[in-house]
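# Reading the structure
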Amino acid sequence: MDDKQNKAPWYKRTFLWGQTNLTEDDPEKCDLDFWIDYWKKTGVEGVIINCGGIVSYYKSRFTAQYKAKYLGDQDYFGLWKDAARQAGLAVVARMDINATTETLYSSNPEWYCRDKEGNPYLSQGRYVACVNGGYYQEFLPQVFQEIIENYHPDGFADNSWAGMKRTDICYCENCRKKFREEYRMELPEKEDWEDPVYRKWVRWNYQLRIRNWHFFNKVTRKAGGEDCRWFGMLTADPFDTGERFYDIKALVKDSDFVFSDQQSRDPIDGFEQNSVNGNLLRLASSENILVAESMAHYYKGLRTFRLSAAPRQEVRNWMLTGISGGIMPWYHFVGGGTQDWRKFRISDDLFRWFKKQEPYLHDRVNCACVGLVWNQESAVYYGRGHGKEVCGYPFAGFARSLSKAGIPFVPVHADDIKKYGNRLETIILPNVAVLSREQEEQVIRFLQSGKGLVMTGMTGRMDEEGEERAQEECLLWEFLGLSKSGSVTGVCGDSKDDWMNHETHNYLKGNDTFNPLLEGLEDTSILPFGGSVVETASSGSLEAIFHLIPAFPIYPPEFSWIREEREDLGTIFAGELENGARVVYMPADVDRCYARFYLPDMGKLLENAVRYTAKNRFPVSVEGKGHIQCDAYVQGKKLILHLVNLCGCDGPVGSVTDNLPTGPVIIKITSYPMEEEAVSLVSGKKLPIYQEGEWKCIRLEQLEEQEMILASMK
């Protein structure tokens, strides 16, 4: 580490993280010496140590703060902190602050959330504190000050800091008073998205969390100095924050570092999602902000077993795709026990490899030319409790399709289209229904510059409240000559799928004329669909290139024949604007259906739409058998390519046990003048760069688990 890095604050120079999430019996049973050795083995540079909040592991003057059951007279946080300091590690105190025992509740009942009848809200037998109450505003600041005075941690990480979920309204006197002061109205009677007062309450709650984020940082910096920062943990999924009120874009924009608590893939999002996680959080802030992500080493599949090791390859693939997306790895174990030794052999070599290659893993620019656009407002105010279904799945559908196609892309917030537009050839708006006027204008200016656009569903049809705009108020639709000619036809959401119910048994049919989306699908005239269509008309340059075959019986087989074709109902529109900008609009929710049901034909349509609108101008792309995740970066005169082998990784969560090598793999480079040789940062081997047509190419005979290539530009 050079002198400049040594002088940088901890959150700008700590790249490798570890956490043993202590359990209440650890003060009696845990072998700290084992963990000191494990820190050395992995080479971690910082550790997150349980401190206070829902369970206290230190000697506190606040006797009402619940202490670990087997803590006794030990100063267990101090013991771990001293060991970490002796090992030269950054120390972050882990807090979990949203609920307390009855002891603290009894002495300060006004601090807690209340239902409409005045009863306290409980979570797993503990009392849920209100973000507006004295627990957050008075008690916790004193706890932070006490910890800083006694232990001087570098900073704080905080779980469950965002308070109660959106599904429950707090009617405590603090909330009643503050809402009345701000809006001159009473709290909403119930969860009702049709009620404008409820929508104000939702927006107000997001602002409260932003205020607390800044407030806690003010407290810790005042007590511990400028670099003693408080970081609430975030997911990188803007479509599903567990119904918690936090605005990802607003919070990372105001932060110098991110702790992300997204520990593994879920049943819908694949391993490629972790590359998205890193890029999304970094690009929403400044591109070179450090993002550390908690990566579960315990079994977390369709069921969770906290003390058992996860399958080794499952964890490694999640870690590698995260690293590929710019995430700093962070091992996470629950409990200090060592009953299952397998978990300690999962990733120690990856930490050592990361440390060796660390100079190439940050301070770089993603060179993808495809932008996958997101905002949280669409999921919240248009999704109205179904944000994952109507916005998250469309986003995930494109992410999966592009990852499988070997086309690098970056997630771009709708506010930042102008910011990143000069490096992009095309942008994708996957059912981004809520667009502000400024966001719409950024999209239009992007098109006016001759760049491409893929958009789907209700993109741009809703105002900031999630209410549908009149046609003339939809600037983007007007610009493209599109209009909503009817309602929504077909099925979306949790439909009943069995042979007796045929409502999802519909198809898309391509037109015989101009159809740029049928590459690789030439041998069929119909494609399986199973979703819904926004009835749309076009009076501009875009023409319908697919139409709908409505649902018909699936059983018995004798009845499975096409009753009608809706040639009047376009499902995909495409065309060029006068300036040469190419546009694809999909009123059919192809993106959502692909994410939900893995229909390969739907994935191919998404890929083809992006290839068409980008005019196949990709700085880097990858060809090979199976699923290969690729991220590409420029660092000065260096091109950094990170490939992760995801072949055979589409099984259920927690099920990947083996790596399946694939090859050959061809990496194609178009935008950069390259030297004649590259080097593998995994094997150390030299890799020739050769010319093939318009591309500079690198050939890998076999891709094992991952490959990271460093290539010099002329």
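Because the structure is predicted, anything quoted here is derived from the model rather than measured. (Residues numbered from 1 in each chain as written. Predicted model: local features only at pLDDT ≥ 70, side-chain atom pairs only at ≥ 80, totals over all residues. Heavy atoms only, no water.)

### Concerning the pattern of salt bridges
- Tallied over the entire structure, the rule returns 49 salt bridges.
- As a salt-bridge pair, Arg596 and Glu389 come within 2.7 Å of each other at their nearest N and O atoms. A residue pair is termed long-range when its members are at least 10 positions apart, and Arg596 in helix α18 (residues 590-597) and Glu389 in helix α14 (residues 387-405) qualify at 207 residues. For the pair Arg596 and Glu389, one class covers both residues: buried.
- What you see here is one network of salt bridges that share partners, running through Glu194, Arg199, Arg203, Arg384, Glu465 and Glu467. (Salt bridge = Lys/Arg side-chain N within 4 Å of Asp/Glu carboxyl O. Helix = DSSP H or I, 4+ residues; strand = E, 2+ residues; numbered from the N terminus. Buried < 20%, exposed > 50% of the residue type's maximum accessible area, 1.4 Å probe, protein only.)

### Some remarks on the nonpolar core
- Counting 214 residues, the largest nonpolar core has Trp17, Trp39, Phe259, Leu453, Leu508 and Leu605 as the members making the most contacts within it.
- Of the residues forming this core, the biggest block, 10 residues, is contributed by helix α8 (residues 196-224).
- Lining this core are residues from two domains, each supplying at least three of them: domain 1 (370-614) and domain 2 (620-713).
- Residues in contact with Leu605, not counting those within four places in the same chain, are Leu508, Leu517, Leu521, Leu527, Phe546, Ile572, Met586 and Val590. (Core = buried A, V, L, I, M, F, W, Y, C linked by side-chain atoms within 4.5 Å. Domains from an automatic or database assignment. Contact = heavy atoms within 4.5 Å.)

### Some details on the packing of helix α7 (residues 173-183) against α8
- Remark: α7 packs on α8, axes separated minimally by 12 Å, with the N-to-C direction vectors making an angle of 105°. Put simply, α7 runs roughly perpendicular to α8. Residues Cys175, Lys178, Phe179, Glu182 and Tyr183 of α7 lie in contact with α8, whose contacting residues are Val197, Lys200, Trp201, Trp204 and Arg211. (Axes fitted to C-alpha atoms, helices over the stretch in contact; angles between N-to-C directions. Parallel < 35°, antiparallel > 145°, perpendicular 65-115°, else oblique.)

### Description of a nonpolar patch on the surface
- Together, Trp499, Met500 and Tyr555 make up a nonpolar patch on the protein surface, roughly 410 Å² of accessible area in all.
- Looking at where Tyr555 falls in the secondary structure, it is placed in the loop between β23 (543-549) and β24 (566-576). (Patch = residues over 30% accessible without salt bridge, like charges linked within 9 Å, V, L, I, M, F, W, Y side chains within 5 Å. Areas by Shrake-Rupley, 256 points an atom, 1.4 Å probe, with all protein chains shown as cover.)

### Things to note about the domain arrangement of the chain
- Taken domain by domain, the chain comprises domain 1 (370-614) and domain 2 (620-713).
- A C-alpha centroid distance of 30 Å is found between domain 1 and domain 2.
- Every contact between the two is made by 6 residues of domain 1 and, on the other side, 9 residues of domain 2.
- Interface area for domain 1 against domain 2, summed over the two sides, is near 680 Å², with a carbon-plus-sulfur share of 43%.
- At the boundary of domain 1 with domain 2, the tally comes to 1 salt bridge.
- The partner of Asp650 in a salt bridge is Lys404, and the shortest N-O contact between them spans 2.9 Å.
- Remark: the boundary between domain 1 and domain 2 carries 4 residue pairs in polar contact (both at pLDDT 80 or more).
- Among the residues making up the side of domain 1 that touches domain 2, the classes are represented as 3 nonpolar, 2 polar and 1 charged. (Buried area = accessible area lost by both parts, 1.4 Å probe. Polar contact = N/O pair within 3.5 Å; in protein donor to acceptor, adjacent residues only side chain to side chain. Nonpolar A, V, L, I, M, F, W, Y, C, P; charged D, E, K, R; others polar.)

### Focus: the sheet that holds strand β9 (residues 257-260)
- Across the sheet, which stays open at both edges, the 8 strands sit in the order β8-β7-β3-β2-β1-β13-β10-β9 with parallel pairing between neighbours. In the strand order of this sheet, the two ends are held by β8 (229-232) and β9, each with one partner. Strand after strand, the sheet turns through a mean of 25° between neighbouring axes, direction not considered.
- In this structure, β9 lies alongside strand β10 (residues 290-296), joined through 4 bridges in parallel fashion. Bridge pairing links Val258 to Val291 in β10.
- Packed on one face of the sheet, helix α4 (residues 76-86) meets β1 (17-21), β2 (46-53) and β3 (90-96) and runs near 165° to β2. (Pairing = 2+ DSSP bridges.)

### Here's the deal with the pairing of β8
- Here β8 shows no split at all, with Arg229 and Phe231 on one side and Trp230 and Gly232 on the other all buried.
- Note that strand β7 (residues 155-159) and β8 share 4 bridges and pair parallel. Bridge pairing in β8 links Gly155 to Arg229.

### Observations concerning the packing of aromatic side chains
- Scanning the model with the defined rule gives 59 aromatic pairs in all.
- Between Phe34 and Trp341 the ring centres are 5.4 Å apart and the planes differ by 80°, which places this aromatic pair in the edge-to-face class. Residue Phe34 is found in helix α3 (residues 32-42), and its partner Trp341 is found in the loop between β13 (327-334) and α12 (348-357); the two are separated by 307 residues along the sequence.
- Among the residues examined, Phe34 registers a relative accessible area of 16% and is labelled buried.
- For Trp341, a relative accessible area of 43% translates into the label partly exposed.
- Aromatic side chains Trp341 and Phe344 sit 5.7 Å apart centroid to centroid with 65° between the ring planes, which places their arrangement in the edge-to-face category.
- Lying across the ring of Tyr381, Arg203 places its NZ or CZ 4.3 Å from the centre. (Phe/Tyr/Trp six-rings, centres within 6.5 Å; stacked < 30°, edge-to-face > 60°. Lys NZ or Arg CZ within 6 Å of the ring centre and 35° of its normal.)

### What about the sheet that holds strand β30 (residues 674-680)?
- Taken in spatial order, the 9 strands make up an open sheet running β14-β27-β28-β33-β30-β31-β32-β29-β26, and their pairing is antiparallel. Single-partner strands in this sheet number two, and they are β14 (365-366) and β26 (620-624).
- Of the strand pairs in this sheet, β30 and strand β31 (residues 686-692) are connected by 3 bridges, and their pairing is antiparallel. Within β31, the position partnered with Val679 by the bridge is Lys686.
- Sheet contacts for helix α11 (residues 312-324): β27 (628-635), β28 (638-645) and β33 (706-713); angle to β28, the most-contacted strand, approximately 160°.

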